[in-house]
Amino acid sequence: MVNKIVIKDLNLCFAKNHVLKNIDISIPEKLITAIMGPSGCGKSTFLRCLNRMNDLIKRTKISGSVLIDEKDIYSDSIDIFDLRKKVGMVFQKPNPFPKSIFENVAYGLKIHGTKDKGTISEKVEKALRDANLWDEVKDRLSSSAFDLSGGQQQRLCIARALAVEPEIVLFDEPASALDPISSSKLEELLEELKKNYTIVIVTHNLQQAARISDWTAFLMLGELVEFNKTEKIFTAPQDKRTENYLTGKFG
Amino acid sequence: MRRLKQTFGFTLLRLSVFIVFLSLLSLVVFISLKGFKVLSLSFLLEFPRRGMTKGGIFPAIIGTFLLSTGAILFALPLGVLAAVYLKEYAGARKWVKIIRIGINNLAGVPSVVFGLFGLAIFVKLFGFGVSVLSGSLTLGILILPVIIRASEEAINSVPSSFKEASFALGATKWQTIRKVVLPTALPGILTGAILSIGRAAGETAPILFTAATFYTRHLPESPFREVMALPYHIYALITEGTKPEFQVPIAYGTALVLLLLVFAVNFVAIIIRFRMRRKRKW
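This one's a predicted model, so the numbers in the text were calculated from it and none came from an experiment. Per chain, residues are indexed from 1 in the order of the written sequence. Just so you know, chain letters begin at A and ligand numbers begin at 1, following the order they were written in. Note on the predicted model: pLDDT of at least 70 is required for a residue's local features to be given, and 80 or more for side-chain atom pairs to be given and counted; whole-chain, interface and lining totals, by contrast, use all residues. For side-chain calculations, the full set of non-hydrogen atoms in the structure is used, while hydrogens and water are omitted.

*Asks:* How should I be thinking about the environment of A:V200 in this particular structure?
*Replies:* Residues and elements named next belong to chain A. Examined against the element boundaries, V200 turns out to sit in strand β8 (residues 198-202). When its relative accessible area of 0% is taken as the criterion, V200 is described as buried. C-alpha of V200 to C-alpha of F171: the two residues are 29 residues apart in sequence and 6.2 Å apart in space. Contacts are assigned to residue pairs with any non-hydrogen atoms lying within 4.5 Å of each other. Aside from chain neighbours lying at most four places away, what touches V200 is I5, I27, T33, I35, L47, L50, V169, L170 and F171. Where helices and strands are cited, they refer to DSSP runs of H or I of at least four residues and of E of at least two residues respectively, numbered from the N terminus. Note on exposure labels: buried denotes an accessible area under 20% of the residue type's maximum, exposed denotes more than 50%, and partly exposed covers the range between, all computed with a 1.4 Å probe on protein chains only.

Structural data, given as structure tokens:
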């Protein structure tokens, strides 16, 4: 097992709030790592450290190191736009652009300089197939993304992220706005995606974490309480706080 | 007693609406009745004749069209770019607030002051003379605050989740603005722009010293020529006419044409806004 992401002593403050505290974690390649924990524990903030989306928020201070493929993504030599191409992201609420289905998926390719129309439509098709959406939309690629159902929109957002050929895909509670059927489709999709991508998923749905992830991290109040193989976390948690959370003593 | 107060309150509200509606309606009806007698196709398509006692208002229609088109060509790009900068780049610094207050105050400056400014700057200093160009630029500055404010509001209403999605794909800020923010804000920006075209078309004072002329026998051959314009035509006919029995009806006809033009322009804006609301699903 290779570690794709290695994080050492990561600290993050928003203004005076110390949101993430001394986090050390290594995320394995081509597996699903779930980050779970109660609301406000810093899960999403942690996830956004991995593609530097926190840079967009003012008065953020960050220290420690985040290595992806052994390169520190916070060093000055990193091109942040290439980083975000390599580390894709899918958000909590489906957020397609107000453009056609095709244009949504083609967007990333175009901004990264792909001009050839043939290449673009090839890659759009591949991304839509990989996101298990192609068969549902192949006849209406030019209709608006907002004509799709919520679950389809979320898979479209996944296709959009896949189109630029990332190596890592971050999911920020991707199923929380979806109905159970769409949600289970999404989980199937994640299972398939891990063959090719390193996946980090934030969730506060314990069953979901247990079902789909290989490794699970438990975060509380900005601290990494426990990180282990998922079956170990769920069957024999080492830390009392993890056990209390899993047995529903708080949440 | 409470019930009585409520009845009184409601009556007051109804009365206010009624008065507002009535004054608007009587304005339209009055202008239409007075103006519609002279209205005809030849009135729209002919030059004025015999010291403005006969003929049509064709050059004034063309002049108003040129002036408002010129104003929007100048003010729209400038206003949109300024709004993008204020919203997306400037942040919340102190001098940005001062600029914004300045822009809002500019919207309240009397239009004749813009006219004087245009005379001093465009006509004299830049040497454009009394011309379509000077008038367009003056009108452009007049509508600039409206366009900036409408654009800022339109940009503001673009959900931040769209921007986040774009950044997360590795887009630069400029790419995000150009390909996501502006296209999404476009209908709102256009609505503001079209409404301000109507505003520019109806203004008299800003073109009084900068562009308008009482009478010309030709359409302007270049942007450096003066033009006739609808609002100024009305003003000139009423104040300088020597044969009011012929000229006053023509003035009302001109007013009606101007009114219809402005209504038509606003109607287009309403349609765009309506279609935008229907299409919008976020």
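This is not the end of the story, as more comes after the structure.
*Asks:* Sorry, what's going on with the side chain of B:T64 here?
*Replies:* Here B:T64 shows up in helix α3 (residues 58-89). For B:T64, the contacting residues outside a window of four places in its chain are B:A201, B:M228, B:A229, B:L230 and B:P231.

*Asks:* Quick question: what am I supposed to make of the nonpolar core here?
*Replies:* The tendency in soluble globular proteins is for nonpolar side chains to be buried as a group. As used here, the term nonpolar core means buried Ala, Val, Leu, Ile, Met, Phe, Trp, Tyr and Cys residues forming a set that is joined through side-chain atoms within 4.5 Å. A:F97, A:Y107, B:L67, B:L139, B:I143 and B:I207 are the most contacted members of the largest nonpolar core, which has 47 residues in total. Among the elements of the structure, α3 (101-111) of chain A together with α3, α4 (94-106), α5 (111-125), α6 (132-156), α7 (160-168), α8 (173-202) and α10 (230-240) of chain B are those that each provide at least two residues to this core. The dominant element in this core, judged by the number of residues it contributes, is α6(B), at 11 residues. Beyond its immediate stretch of four places on either side in the chain, B:I143 contacts B:A71, B:I72, B:A75, B:S196, B:R199 and B:A200. Counting residues in hydrophobic clusters, the runner-up holds 45 residues, among them A:L156, A:L162, A:F218 and A:M220.

*Asks:* Any chance you could explain the pairing of strand β4 (residues 60-68) of chain A here in plain terms?
*Replies:* It is a general feature of regular strands that their side chains alternate between the two faces of the sheet. Residue and element names in this part refer to chain A. DSSP bridges decide pairing: two strands pair if at least two such bridges lie between them. Here 8 bridges tie strand β1 (residues 3-14) to β4, and the two strands are oriented antiparallel to one another. Each residue of the ladder has a partner; that of I7, found in β4, is V66. Here 2 bridges tie β4 to strand β5 (residues 71-72), and the two strands are oriented antiparallel to one another. Each residue of the ladder has a partner; that of I68, found in β5, is K71. Counting the residues that bridge the hairpin from β4 to β5 gives 2 residues, and of these D69 lies at a positive phi of roughly 50 degrees.

*Asks:* Sorry, what's going on with the packing of α4(B) against α6(B) here?
*Replies:* Packed helix pairs are characterised by how far apart their axes lie and by the angle those axes make with each other. Residues and elements named next belong to chain B. Interaxial angle, 0 to 180 degrees, is taken between N-to-C directions of lines fitted to C-alpha atoms, where a helix line uses only the stretch in contact. Look at α4 against α6: their axes get within 8 Å of each other, and the N-to-C directions meet at 125 degrees. Here α4 is positioned oblique relative to α6, judged by the angle of their axes. The handedness of the crossing between α4 and α6 is left-handed. Residues R100, I103, N104 and L106 of α4 form the contact with α6, whose own contacting residues are P145, I148, R149 and E152. Each residue gets one of three labels, nonpolar for Ala, Val, Leu, Ile, Met, Phe, Trp, Tyr, Cys and Pro, charged for Asp, Glu, Lys and Arg, and polar for the others, Gly among them. In terms of residue class, the contact of α4 with α6 is made up of 4 nonpolar, 1 polar and 3 charged. Each angle gets one of four labels, with under 35 degrees taken as roughly parallel, over 145 as roughly antiparallel, 65 to 115 as roughly perpendicular, and the rest as oblique. Crossings are assigned a handedness: left-handed for a near helix turned anticlockwise from the far helix by less than a right angle, right-handed for a clockwise turn.

*Asks:* How should the interface of chain A and chain B be read in this particular structure?
*Replies:* Often the size quoted for an interface is simply the accessible area lost on bringing the parts together. Between chain A and chain B, the contact holds 24 residues from the first and 18 residues from the second. Defined here as a combined quantity, buried area equals the accessible surface (1.4 Å probe) lost by two parts on assembly, summed across both. For the chain A and chain B pair, buried surface summed over both sides reaches about 1,800 Å², with 66% attributable to carbon and sulfur atoms. Together, A:Y107, A:I111 and A:F146 form the three largest contributors to the area buried by chain A at its contact with chain B, with a combined 28%. We define a salt bridge as a contact between a side-chain nitrogen of Lys or Arg and a carboxyl oxygen of Asp or Glu at a distance within 4 Å. One can count 1 salt bridge joining chain A with chain B. Residue A:R48 pairs with B:E164 through a salt bridge whose shortest N-O separation is 2.8 Å. What qualifies as a polar contact is a pair of N or O atoms within 3.5 Å, subject to a donor-acceptor requirement within protein and to the restriction that residues adjacent in sequence count only when both atoms come from side chains. Remark: the boundary between chain A and chain B carries 6 residue pairs in polar contact (both at pLDDT 80 or more). Taken together, the elements giving at least two residues each to the side of chain A that touches chain B come down to α2 (80-86), β6 (87-90), α3 and α6 (150-163) of chain A.

*Asks:* Can you help me understand the packing of aromatic side chains in this one?
*Replies:* The relative placement of two aromatic rings is captured by the distance of their centres and the angle of their planes. Pairing of aromatic side chains requires ring centres within 6.5 Å, counting the rings of Phe and Tyr and the six-membered ring of Trp. Pairs whose planes differ by under 30 degrees are stacked, by over 60 edge-to-face, and all others tilted. Per the stated rule, a full pass over the model turns up 12 aromatic pairs over all chains. A connected cluster of aromatic rings, assembled from ring pairs, spans B:F117, B:F122, B:F126, B:F128 and B:F224. Placement of a charge over a ring requires the Lys NZ or Arg CZ to be within 6 Å of the ring centre, with the centre-to-atom vector within 35 degrees of the ring normal. The cationic tip of A:R160 hangs over the ring face of A:F97; the distance from NZ or CZ to the ring centre is 4.5 Å. The ring of B:Y89 carries the charged tip of B:K173 above its face, separated from the ring centre by 4.9 Å.

*Asks:* Hey, could you run me through the pairing of strand β9 (residues 215-220) of chain A in this one?
*Replies:* Residues and elements named next belong to chain A. Across the 6 residues of β9, 6 count as buried, placing the element largely inside the fold. Every second residue of β9 is oriented toward a common face, with W215, A217 and L219 on one face and T216, F218 and M220 on the other, all of them buried. As paired elements, strand β3 (residues 32-36) and β9 share 4 bridges and run parallel to each other. Each residue of the ladder has a partner; that of T33, found in β9, is W215. The sheet contact formed by β9 and strand β10 (residues 223-229) spans 6 bridges and is antiparallel. Its bridge partner being in β10, W215 is matched across the sheet by K229. Turn length for the β9-β10 hairpin, with the two strands adjacent in sequence and antiparallel, is 2 residues, and the turn residue L221 shows positive phi of about 50 degrees.

*Asks:* How should I be thinking about α6(B) in this particular structure?
*Replies:* At 3.6 residues per turn, the α-helix brings residues three or four places apart onto the same side. For α6(B), spanning 25 residues, the distance from its first C-alpha to its last is 34 Å, which sits close to the expected 36 Å at 1.5 Å a residue. In this analysis the local bend is the angle between axes fitted, respectively, to the seven residues ending at and the seven residues starting at the residue. Its axis deflected by about 40 degrees at B:I143, α6(B) carries its strongest bend there, up to four residues before the proline B:P145. To estimate how far a helix should reach, multiply one less than its number of residues by 1.5 Å.

*Asks:* Looking at this structure, how should I read the pattern of salt bridges?
*Replies:* Pairing is possible between side chains of opposite charge, provided their charged atoms come close. Residues and elements named next belong to chain A. Counted under the stated rule, the structure contains 21 salt bridges over all chains. The salt bridge partner of R129 is E125, with a shortest N-O separation of 2.7 Å. Taken as a pair, R129 and E125 lie in helix α4 (residues 117-130) at a separation of 4 residues, close to a single helical turn. Assessed through its relative accessible area of 43%, R129 is described here as partly exposed. For E125, a relative accessible area of 27% translates into the label partly exposed. In this structure, the salt-bridge partner of R211 is E187, at a minimum N-O distance of 2.7 Å. In this pair, R211 sits in helix α8 (residues 206-212) while E187 sits in helix α7 (residues 180-193), placing the two residues 24 residues apart along the sequence. A cluster of three or more residues bridged by salt bridges with shared partners is formed by K4, E29, D69, K86 and E167.

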